[in-house]
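# Architecture and fold: a report
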Amino acid sequence: MTKVDVSITVNGEARQASVEPRMLLVHFLRDELELTGTHVGCDTSQCGACTVHLDGNAVKSCTLFAVQAQGRAVTTIEGIGSIGALHPLQTGFWEEHGLQCGYCTPGMIMSSHELLKHNPDPSDKEIRDALSGNFCRCTGYHNIVKAVQHAAHAMAESKSQPAAADD
């Protein structure tokens, strides 16, 4: 099969590869770029484990071909925090026990990230609605909702803190 060259900015870094036109974005991320935080759960866009941001919007990467991301910006779970500086959502999932097996967690965090971008103080119902396209088979969602609330409060608090003066 003929390959197509793609250039995609992933987590702020320009990445290039030659891929088959039918390669899904999730497989490009995992297999070509070795960014394995994005999970393949169902291949039918039902579970949300593959959720990433495309140009700032949450999308299920199993529903897009890598060639459709040509020239665009993709952010994966690896791009929103680091081991030394976790994103408030990552901290919230840790602190509030919002994960058990962890398989759905990257997708939950990426979907929650978009929610908090548009709604910094969501209600329980708004959180549950925003995550309705993401399945978790372990937690029953209660602690996931608490984790998103934890992050929302932490993010609001950090915005209300005055910046430290440099001496």
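Conventions adopted
Residues numbered from 1 in each chain as written. Predicted model: local features only at pLDDT ≥ 70, side-chain atom pairs only at ≥ 80, totals over all residues. Heavy atoms only, no water. Helix = DSSP H or I, 4+ residues; strand = E, 2+ residues; numbered from the N terminus. Rg over C-alpha atoms; globule rule 2.2 N^0.38 Å. Buried < 20%, exposed > 50% of the residue type's maximum accessible area, 1.4 Å probe, protein only. Contact = heavy atoms within 4.5 Å. Areas by Shrake-Rupley, 256 points an atom, 1.4 Å probe, with all protein chains shown as cover. Lys, Arg positive; Asp, Glu negative; His and termini not counted. Charge placed at Lys NZ, Arg CZ, Asp CG, Glu CD. Pairing = 2+ DSSP bridges. Axes fitted to C-alpha atoms, helices over the stretch in contact; angles between N-to-C directions.

Across its full length, the protein chain carries five helices and five strands. In the protein chain, the succession of helices and strands from N to C terminus is β-β-α-β-β-β-α-α-α-α. For 167 residues, the compact-globule estimate of 2.2 N^0.38 gives 15 Å, and the C-alpha radius of gyration of the protein chain, at 17 Å, lies within 12% of that figure. Each principal axis of the C-alpha distribution contributes one length, and for the protein chain these read about 55 × 45 × 25 Å. Going through the 167 residues of the protein chain one by one, you find that 38% of them count as buried. Within the protein chain, counting contacts between residues at least 6 apart in sequence, those at least 24 apart form 55% of the total. Put simply, the protein chain shows about 9,000 Å² of open surface, and 50% of that area lies on carbon and sulfur atoms. The average position of the 12 basic charges and that of the 19 acidic charges among the side chains of the protein chain differ by 8 Å.

A separate point is the sheet that holds strand β4 (residues 57-60). If you trace the five strands from one edge of the open sheet to the other, you get β2-β1-β5-β3-β4, paired in mixed fashion. Every other strand in the sheet has two partners, leaving β2 (13-19) and β4 as the edge strands with one partner each. Averaged over all adjacent pairs, the angle separating strand axes in this sheet is 40°, with direction ignored. Relative to β2, strand β1 (residues 4-10) runs antiparallel, the two sharing seven bridges. Bridge assignment links S7 to a residue of β2, and that residue is Q16. Strands in contact with helix α1 (residues 25-32) are β1, β2, β3 (51-54) and β5 (73-75); relative to β2, the strand with the most contacts, it is inclined by about 105°.

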